[in-house]
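These are the residues of each chain, in order.
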Amino acid sequence: MVQTDPVGRTELRLGAAHVARLGLVSFEIPLELPDMPIAQAWRPRYEKDPAHSWLRHCVREIARELSPARSVAVGR
């Protein structure tokens, strides 16, 4: 990412953890944007796996607790 100008949008809580570590700059987006969809995907063979089902459930519940979070743009 050095010597590039990428821009990305991420949830504030997720992005904040990486800004200093990656040497990024963060700022609030100065306009209203629609919520970002969050989705899970897995291979069909894991559909009925109890451990995988439990993990998907945990991720879903944590995402619900964190939503709706504010978004920030992250760039260098």
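**Thoughts on the confidence of the model for the protein**
So, point 1. Residues of the protein with pLDDT of at least 70 account for 84%, and the chain-wide mean is 78.
So, point 2. Averaged over each element, pLDDT in the protein is lowest for strand 3 (residues 71-75) (40) and highest for helix 2 (residues 50-66) (87).

**Points about the side chain of Arg56**
So, point 1. Structurally, Arg56 is set in helix 2.
So, point 2. Buried and unpaired, Arg56 has no salt bridge, with Glu47 as the nearest side chain of opposite charge at 4.3 Å.
So, point 3. Of note is the side chain of Arg56, whose polar atom sits 2.6 Å from the side chain of His52.
So, point 4. Discounting chain neighbours no more than four positions away, the residues touching Arg56 are Gln40, Trp42, Tyr46 and Glu47.

**Details of helix 2**
Quick reminder: α-helices carry 3.6 residues per turn. Residues three or four places apart thus point the same way.
So, point 1. The terminal C-alpha atoms of helix 2 lie 25 Å apart, and with 17 residues this matches the ideal 24 Å at 1.5 Å per residue to within 8%.
So, point 2. Capping the start of helix 2 is the job of one residue whose side-chain oxygen sits 3.0 Å from the backbone nitrogen of Ala51: Asp49.

**Brief notes about the environment of Val7**
So, point 1. Locating Val7 in the fold gives a position in strand 1 (residues 7-11).
So, point 2. Owing to a relative accessible area of 68%, Val7 belongs among the exposed residues under this scheme.
So, point 3. Along the sequence, Val7 and Val25 sit 18 residues apart, while their C-alpha atoms lie 9.8 Å from each other.

**Side note on the packing of aromatic side chains**
So, point 1. According to the stated counting rule, one finds zero aromatic pairs in the structure shown.
So, point 2. Positioned above the aromatic ring of Trp42 is the side chain of Arg56, whose terminal nitrogen or guanidinium carbon lies 4.1 Å from the ring centre.

Reading the values: the criteria
Residues numbered from 1 in each chain as written. Predicted model: local features only at pLDDT ≥ 70, side-chain atom pairs only at ≥ 80, totals over all residues. Heavy atoms only, no water. pLDDT = per-residue confidence, 0-100. Helix = DSSP H or I, 4+ residues; strand = E, 2+ residues; numbered from the N terminus. Buried < 20%, exposed > 50% of the residue type's maximum accessible area, 1.4 Å probe, protein only. Lys, Arg positive; Asp, Glu negative; His and termini not counted. Salt bridge = Lys/Arg side-chain N within 4 Å of Asp/Glu carboxyl O. Polar contact = N/O pair within 3.5 Å; in protein donor to acceptor, adjacent residues only side chain to side chain. Contact = heavy atoms within 4.5 Å. Expected span 1.5 Å × (residues − 1). Phe/Tyr/Trp six-rings, centres within 6.5 Å; stacked < 30°, edge-to-face > 60°. Lys NZ or Arg CZ within 6 Å of the ring centre and 35° of its normal.

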